Amino acid sequence: MDRTAGRAISRRDLLKAGGAIVVSFAFPLSPGDALAQTTPVAGGRPVDAGEVDGLLAIHADGSVTLYTSKVDVGTGIRIALAQMAAEELGVSPSRVAVVEGDTATCPDQGGTGGSTGLIRGGTEIRAAAATARRALLQMGAAQLNRPVADLTIADGEVRPRAGGAGVAIGSLIGDRRFSLKVDRNAPLTPPSQHAAIGKALLRPDVPAKCTGRHVYVQDFTLPGMLHGRIVRPPSMGAKLMSFDESSVRGIPDVRVVRVEDFLAVVAKDEWAAVRAATALKVSWNEQAALPGHEELDRFSRSAPLERDQEILNRGNAADVARRAPKTLSATYFWPFQSHASLGPSCAVADVRADGTATVWSASQGTHGLRANLSKVFGIPLEKLRVVFLDGSGSYGTNGTDHVAADALLLSKTVGQPVRVQWMRHDEHGWDPKGPQQLLDVRAALDSDGRIVAWETDMWVPNAAPGARALLSAEAAGLQQEHGTGSGAITQNGDPPYAVDNVRVVAHLIKDTPLQLSNLRAPGKIANVFAVEGFTDEIAAAERVDAVAFRLARLSDPRAVEAIRRTADAFKWDTRPSPNPRPRQGNVLVGRGIAYMRYKQMENYVAIAMEVAVNAASGQIQVRRVTCAHDCGLVVNPDGLRNQVEGCIVQTLSRALHEEVKFDRSRVTSVDWTTYPILRFPEAPAVDVILIDRPEEPLVGAGEAATAPVAAALANAVFDAAGVRLRTVPFTPLRVKAALAKV
Amino acid sequence: MPRYAFRLNGQPVSVDSWDPAQPLLYALRGPLALHGPKFGCGLGQCGACTVLVDKTATRSCQLPVSRAAGRDITTLEGLGTPEKPDAVQAAFIAEQAAQCGYCTNGMIMAAKALLARTPKPTVDQIKQALDGNLCRCGTHTRIVRAIQRASLAASERSDSGRQV
């Protein structure tokens, strides 16, 4: 096949009628060609994470630039990565710049998710810096005519340990290449000598963000750029019947763009695009195929399954439970939730006549997005560049990838650079959602109150490999091989406590009503809610204090320390739940705790909180939260604290308020009134205790503290009011309904 | 096309708009090329677009450009620079009271208006003043601390006799 002819936009298929562009067939698919890859090189540097030069460059003035696919979505990894590299290169972190997520210059270290920014990104960069350090010491040894063993690297120079003249690293390597593979075993600076790691350095982007100078993708413009707005269908899978172009007459310089069921407007003026998208009269053929959010738990239990997956089977839980003198069981449910990013997703795309294309995007995975866009839109990989710019916080995969496809499709169609920003209803309505999860948990106890068997059955959406289907491509009728997925959602379904017989089974639901994505602590958030809520139920049934109950079943000293330090700082009052004297004025007061080890192999987190429940209104006020957090080595304690605080407060919002509402056709929670989130008057004091373990590997912190929040909250509510909340969100209506049953 | 003149960060400016109902936000971010005020919802629900109109915190997504005419508009850019931030901006930087920072504009502008009318707010007053400003990253505790810090810094300055 003729490669260029096959892939070029077929202008003859553009039917221009008035201001409208209607494309019936535009982008033939040639996936094999689009993925053909050559070894890319940027400015003489290999774009290869296995090469030192791929991840860093040391300039003649001794300053350093890092290149990474890990991006800072408000998490503070920009400064943390600089600290990790600076530590090994013997420079001040202020001398280290970080280029993030530009597919032309940054090697692919994977997308930014699952707290891998530092786990993988930081660790690989640090290894590259340590490899460079070793090379610089050798170069310095030759220059200074001293053995390597006599030399050290500090303040930007290689110098004798004993003192005396050194040589600047900028003069040793100064923008030349190391031409070295990253040695993952290159010796690292020992913790006792850390100069950059462990310091609470300020994030470099905060001053610009606080003064309106930071350029977010929402702020980025190009000469000749048009503003696009997408006219999404009113409901999932609706077919576009017709539109009335005369309905946008009078709005200046607007064009309507239709590609099959994809409908959009472009205009020179952003407000004109907004107005036109609203004013455009469209006729859709809608479907009514969704279960509705009120039926979602029943749907989850009864929907056709792809298969059952045994996650864990230790001992013989079912048999032991059958013979046990005492069993307990409960059902927990977590609804669909939205990223609900504060800023609607935005992207700018510039598809040129020469076949090259650049997309500016806040995607958490620009390399993955580039590969997907390349395949779907038939733009050869080497001609497509995706450049990361900061966006609104995204916590997984909000609308960024979709809006990038929107902008690309529009730019390719109109032949000009196009900026698309979603409207609020687009973001709430169409961002891929965190999945619903239904869990049945059962425990069997012997006559001494030991948990002898534990069974978890979870109903969760099935995952299929491949990128998420892009909304605009789907509407435009472009072929796309796509997957579905929402992350590793079956982890932490087992208790972290000593139990001999445990079985966890995931019932994987074949189809999902709404498109899914990873959303902060995917799966773990609901599984820990169920496991730790149910653990609390067992402790209460046994009339044992919740802290003592957990400590009696843990042997890992890091787990024990996390719980002890949380309880101590919280001033935990040891007694069984519920609180025998909860009443304070017109509210009921109680405290709860939850603990988990993230993915059963990463962070140790314990969270305690105090709540006041207003029995009349059903409102829960969280008064204070204490959290001990152990993620191994701490790179930047203030950045880490910020992340942990954010995990906790955001998850209180998710637990108290958040549920995507939808009817038979469409998402109906499309703004901040219908999808409320936590407000300032509800924000509690949060006390974070960092347990720094410099000798242990770091395990990241973007997600872990999210997981125990809902259980700690439900456990505190039980302590206060004697009612057990097993369905999120804990709305006043649900609280009152639970209280009415007591 | 009608032209609307107002003061923006101390300077007289004018913008042309085809639609008198065009929200001020689009004029600020478009022809006036400012980045401080952000589009968050366009519904007056989140506060990301907040500017000061004659010192009152105002949702620029809800204020028609025609009604901004003749007014005194201050945006985040008008307070200070990264090198010379104003007292509230400096307090936000010192407390690292941002994650993604998309809501920060609204938080700082709301704090400016609060501190102008209540120089020494309690924590509850701060939280009430920010009730209409949403933060999705969960930076609430730091934002409250930053406003307390700004208030304290201002009162220390006035206590020592210097100008606030």
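Here the structure is a predicted model, which is why all the values come from computation and not from measurement.

Caption draft 1: Broad picture of the domain arrangement of chain A. Residues and elements named next belong to chain A. What the domain assignment reports for chain A is domain 1 (41–210), domain 2 (217–287 + 339–430) and domain 3 (437–741). Each of domain 1 and domain 2 has a C-alpha centre, and the two are 37 Å apart. Counting residues at the interface gives 13 residues for domain 1, matched by 13 residues for domain 2. Its residues assigned to classes, the side of domain 1 that touches domain 2 shows 3 nonpolar, 7 polar and 3 charged.

Caption draft 2: Representation of the interface of chain A and chain B in the model. Chain A puts 47 residues into the contact, and the matching count from chain B is 49 residues. Secondary structure elements with two or more residues in the side of chain A that touches chain B: α7 (206–210), α8 (270–279), α18 (637–657) and β29 (685–690) of chain A. At 7 residues, α18 of chain A tops the list of elements feeding residues into the side of chain A that touches chain B. Residues of the side of chain A that touches chain B, tallied by class, amount to 21 nonpolar, 14 polar and 12 charged.

Caption draft 3: Region of interest: the domain arrangement of chain B. Residues and elements named next belong to chain B. Examined at the domain level, chain B breaks down into domain 1 (3–78) and domain 2 (87–159). Facing the 13 residues of domain 1 at the interface are 13 residues of domain 2. Of all elements in the fold, only β3 (50–53) and β4 (56–59) reach the threshold of two or more residues within the side of domain 1 that touches domain 2. Residue classes in the side of domain 1 that touches domain 2 are distributed as 7 nonpolar, 4 polar and 2 charged.

Caption draft 4: Main features of the confidence of the model for chain A. Residue and element names in this part refer to chain A. On average, residues of chain A score 93 in pLDDT, and 95% of them are at 70 or above. Predicted confidence is poor over residues 1–18, with pLDDT under 50, and the contacts of this stretch with residues over four places away or in other chains come to 24 contacts. Scored below 50 in pLDDT, residues 24–38 shows 36 contacts in the model against residues more than four places distant or in partner chains.

Caption draft 5: Layout of the packing of α18 of chain A against helix α19 (residues 709–721) of chain A. Residue and element names in this part refer to chain A. Relative orientation of the contacting elements α18 and α19 amounts to 60°, with a least axis distance of 9 Å. When the interaxial angle is binned, α18 and α19 end up oblique. When you trace α18 past α19, the crossing you get is right-handed. Where α18 abuts α19, its residues Ile-648, Thr-651, Leu-652 and Ala-655 lie against Val-709, Ala-710 and Leu-713. Taken together, the residues that form the contact of α18 with α19 break down as 6 nonpolar, 1 polar and no charged.

Thresholds applied
- Residues numbered from 1 in each chain as written.
- Chains lettered and ligands numbered in written order.
- Predicted model: local features only at pLDDT ≥ 70, side-chain atom pairs only at ≥ 80, totals over all residues.
- Domains from an automatic or database assignment.
- Contact = placed C-beta atoms within 7 Å.
- Nonpolar A, V, L, I, M, F, W, Y, C, P; charged D, E, K, R; others polar.
- Helix = DSSP H or I, 4+ residues; strand = E, 2+ residues; numbered from the N terminus.
- pLDDT = per-residue confidence, 0-100.
- Axes fitted to C-alpha atoms, helices over the stretch in contact; angles between N-to-C directions.
- Parallel < 35°, antiparallel > 145°, perpendicular 65-115°, else oblique.
- Left-handed = near helix turned anticlockwise from the far one by under 90°.

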